[in-house]
Amino acid sequence: MTIDQPFPHRWAMLPAVLSASFMTLFDFNVVNVAAPALQHDLHTGEAALQMVVGGYAFTYAAGMVIGGRLGDQVGRRRMFLVGITTFAIASLLCGLAQSPGQLVAARLLQGLTGAMMVPQVLALINSVFPVPERPRAMSWFGVTLALGAIAGQVLGGMLVQADLFGLSWRAIFLINVPISVAAVIATARLLPRQLRGGSRHRFDVLGALGIAGSLGLVLVPLTLGREQGWPAWIFALMAAAVPVFAATLWWEHRHTEPVLDLRLFSSRAFAVGLPATATFMMFFNSFFLILTVFWQGGLKLSALGAGLAYLPLGVVFGLVSLVGRGAVTRLGARAVPVGSLIVAVGLIGLAVVLHVLRGDITVGWLLPGTSIVGLGSGVAYLSLISSVLTNVEPSRAGAAAGVLNTTQQFAAATGVAVLGSAFFASLGSGAGPAAYARSTELYMYLALICVLATAALAAFAHRPATRSGPATVAG
């Protein structure tokens, strides 16, 4: 239940809960930078390395709906504290791992514990902050997302390169421990105790297993498919996800307290906003991957150099989230289509520069385009999240946030797998800046399709409903 009066410590609480979003996004990106050190130190093979990256994404995505629903049932304060405490333990286990198997197991646990705390962040913002203050709170949420994504590249590269206390790659996980401890102390004091869960119900175990299973049948093959050469069993597993998910929906429809509350989809903003979020995240996460590969593989930048090249994008994204929130608010329902079209301009500009310069391309030529992409993403992304949750009842805020976060992670993994596969298929055995530029240009056009789809879906989601029947006359 929500508190009747605005919570007096809500602004002091916000940085503490946002630390959860920062750490999970940081850990999603940082492993790519540390991969060479991991392989050297633990003698990690290709399959184990993929599980270190993809295993975290799988348990994180699969657990989101469950974590959100548990927050609604047993209390968001309790679930957040449990989640961030166990996330610290899982991060410590990652940093202390002595074998690839231990690291994979710890990463699976880390993703699951992250899924327990992150849905509570959006649910808490939606429940604690009065409606006039939510755009400002969401703008700080956007800054946190930008910082987490950029820090995963920049700070991760700095930590590995500095080799503090001889920790090498272990520092990227151990840094979460003091942050988590500070967040636990702060949130234990600041989170409102009035925000308790609803009445006790038997947890929907079959629904939780069905959601996790159907996601796993898609995410695991997508993660392993390219390296395995896309054998028939990969497609068989993905095909099996359809009947499993259909059976899960049937069960959820019949269950009195489902882990996936289908009543959420009665809102057009939610039902159409989710696929709009999915198409945007397919672009957003794959964009970071492809540019990193291009900068490091094609232009031979170091991991730290590639991370620093993202700074203009991150700075613009953060500034839009903070300074430009008034302009974004005035755009209202038009913010997502407008932001997506700005991103489209940036992608077209990048494609043109890549096509014209080919082997003569340098990082400097790409920074204007990536900055425009950051500008459009800052306008679109926060508005997209807010619009999806617009008509959600506070009692279902945790479940809605869980579904939204699951959709984001699932779409991110799908974008990396599908668009990344197209990029690497185009690259083939090519080497040098020209070959990488050609394949990156192809990716830009595929990403353009995603953001145009986002613009169209967002415009439809908030189109005024047409009235049926005869018009009435006032007065």
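Preceding this section is the structure that the text describes.
Below is a short write-up of the structure. Just so you know, these numbers come straight off a predicted model, no measurement behind them.

### Looking at the layout of surface pockets
Here is step 1: A volume near 1600 Å³ is recorded for the largest pocket.
Here is step 2: Along the wall of the largest pocket there are 49 residues; nearest its centre are Asn32, Val53, Leu289, Val293 and Val416.
Here is step 3: For the lining of the largest pocket, the secondary-structure elements that each account for two or more residues are helix 1 (10-42), helix 2 (46-74), helix 4 (100-128), helix 5 (134-162), helix 8 (205-228), helix 10 (268-298), helix 11 (303-308) and helix 16 (397-427).
Here is step 4: By residue number, the principal contributor to the lining of the largest pocket is helix 1, which donates 10 residues.
Here is step 5: In terms of residue class, the lining of the largest pocket is built from 28 nonpolar, 18 polar and three charged.

### Focus on a nonpolar patch on the surface
Here is step 1: Judged by side-chain polarity, Leu308, Leu311, Val315, Leu319 and Val323 come together as a nonpolar surface patch covering roughly 450 Å² of accessible area.
Here is step 2: When residues in the nonpolar patch are grouped by element, the largest group, three residues, is from helix 12 (residues 311-322).
Here is step 3: Here Leu311 is to be found in helix 12.

### Topic: the side chain of Arg77
Here is step 1: If you trace the backbone, Arg77 turns up in helix 3 (residues 76-96).
Here is step 2: Engagement of the side chain of Arg77 in a polar contact is seen with the backbone oxygen of Leu191, the distance being 3.3 Å.

### Notes on the side chain of Ser180
Here is step 1: Inspection of the secondary structure assignment puts Ser180 in helix 7 (residues 176-190).
Here is step 2: Residue Ser180 is classed as buried on the basis of its relative accessible area of 0%.
Here is step 3: Not counting chain neighbours up to four residues away, the residues in contact with Ser180 comprise Met23, Ile84, Phe87 and Ala88.

### Brief notes about the environment of Thr113
Here is step 1: Tracing the sequence through the fold places Thr113 in helix 4.
Here is step 2: Looking at Thr113, the relative accessible area reads 5%, which means it is buried.
Here is step 3: Each C-alpha atom of the pair Thr113 and Thr86 lies 6.0 Å from the other, and the pair is 27 residues apart in sequence.

### Examining the packing of helix 10 against helix 15 (residues 363-388)
What describes two packed helices is the angle between their axes and the distance between those same axes.
Here is step 1: Running from N to C, helix 10 and helix 15 point in directions that differ by 155°, and their axes come no closer than 11 Å. Comparing the axis directions of helix 10 and helix 15 gives the class roughly antiparallel. The element helix 10 and its partner helix 15 pack so that their crossing is left-handed.
Here is step 2: Per-class residue counts for the contact of helix 10 with helix 15 are 19 nonpolar, five polar and no charged.

### Comments concerning the packing of aromatic side chains
Here is step 1: Counted by the stated rule, this structure contains 19 aromatic pairs.
Here is step 2: Between the aromatic rings of Trp169 and Phe173, the centroid separation amounts to 6.1 Å while the plane-to-plane angle is 80°, which identifies the pairing as edge-to-face.
Here is step 3: The class for Trp169 is buried, based on a relative accessible area of 0%.
Here is step 4: Plain terms: the ring middles of Phe280 and Phe284 are 5.9 Å apart, the flat faces sit at 20° to each other, and that makes the pair stacked. You can see Phe280 and its partner Phe284 sitting in helix 10, four residues apart, about one turn around the helix.
Here is step 5: For Phe280, a relative accessible area of 0% translates into the label buried.
Here is step 6: Overall, the relative accessible area of 13% leaves Phe284 in the buried class.
Here is step 7: Through pairs of rings, three or more aromatic residues link up here, namely Phe280, Phe283, Phe284, Phe287, Phe288, Trp295, Tyr310, Phe317 and Tyr381.
Here is step 8: Of note, Arg107 hangs over the ring of Tyr56, and the distance from its end group to the ring centre comes to 4.2 Å.

### Side note on helix 1
Here is step 1: At Ala34, helix 1 is deflected by roughly 60°, the largest bend along its length, and proline Pro36 occurs up to four residues later in sequence.
Here is step 2: Burial of helix 1 is extensive: 24 of the 33 residues sit out of reach of the surface.

### Brief notes about the nonpolar core
Here is step 1: Phe141, Phe283, Phe287, Phe294, Trp295, Leu347 and Met444 are the most contacted members of the largest nonpolar core, which totals 114 residues.
Here is step 2: Of all the elements, helix 10 adds the most residues to this core, at 16 residues.
Here is step 3: The contacts of Met444, once residues within four sequence positions are left out, are Phe287, Leu291, Leu347, Leu350, Ala351 and Leu354.

### Observations concerning empty space enclosed by the protein
Here is step 1: Applying the stated criterion across every chain yields a total of one cavity of 30 Å³ or more.
Here is step 2: Lining the largest cavity are Leu145, Ala146, Ala149, Ile150, Phe284, Phe288, Leu313, Gly314 and Phe317.
Here is step 3: Sorting the residues of the lining of the largest cavity by element identifies helix 5, helix 10 and helix 12 as the ones contributing at least two each.
Here is step 4: With four residues, helix 5 is the largest single contributor of residues to the lining of the largest cavity.
Here is step 5: When the residues that make up the lining of the largest cavity are grouped by side-chain class, the tally is eight nonpolar, one polar and no charged.

Conventions we followed
Residues numbered from 1 in each chain as written. Predicted model: local features only at pLDDT ≥ 70, side-chain atom pairs only at ≥ 80, totals over all residues. Heavy atoms only, no water. 1 Å grid on protein atoms, 1.4 Å probe; cavity = no way out; pocket = protein on both sides within 12 Å on 5 of 7 lines; lining within 4 Å. Points joined across faces, edges and corners; volume = space filled by probe spheres on them. Helix = DSSP H or I, 4+ residues; strand = E, 2+ residues; numbered from the N terminus. Nonpolar A, V, L, I, M, F, W, Y, C, P; charged D, E, K, R; others polar. Patch = residues over 30% accessible without salt bridge, like charges linked within 9 Å, V, L, I, M, F, W, Y side chains within 5 Å. Areas by Shrake-Rupley, 256 points an atom, 1.4 Å probe, with all protein chains shown as cover. Salt bridge = Lys/Arg side-chain N within 4 Å of Asp/Glu carboxyl O. Polar contact = N/O pair within 3.5 Å; in protein donor to acceptor, adjacent residues only side chain to side chain. Buried < 20%, exposed > 50% of the residue type's maximum accessible area, 1.4 Å probe, protein only. Contact = heavy atoms within 4.5 Å. Axes fitted to C-alpha atoms, helices over the stretch in contact; angles between N-to-C directions. Parallel < 35°, antiparallel > 145°, perpendicular 65-115°, else oblique. Left-handed = near helix turned anticlockwise from the far one by under 90°. Phe/Tyr/Trp six-rings, centres within 6.5 Å; stacked < 30°, edge-to-face > 60°. Lys NZ or Arg CZ within 6 Å of the ring centre and 35° of its normal. Bend = angle between axes of the 7 residues up to and from the residue. Core = buried A, V, L, I, M, F, W, Y, C linked by side-chain atoms within 4.5 Å.

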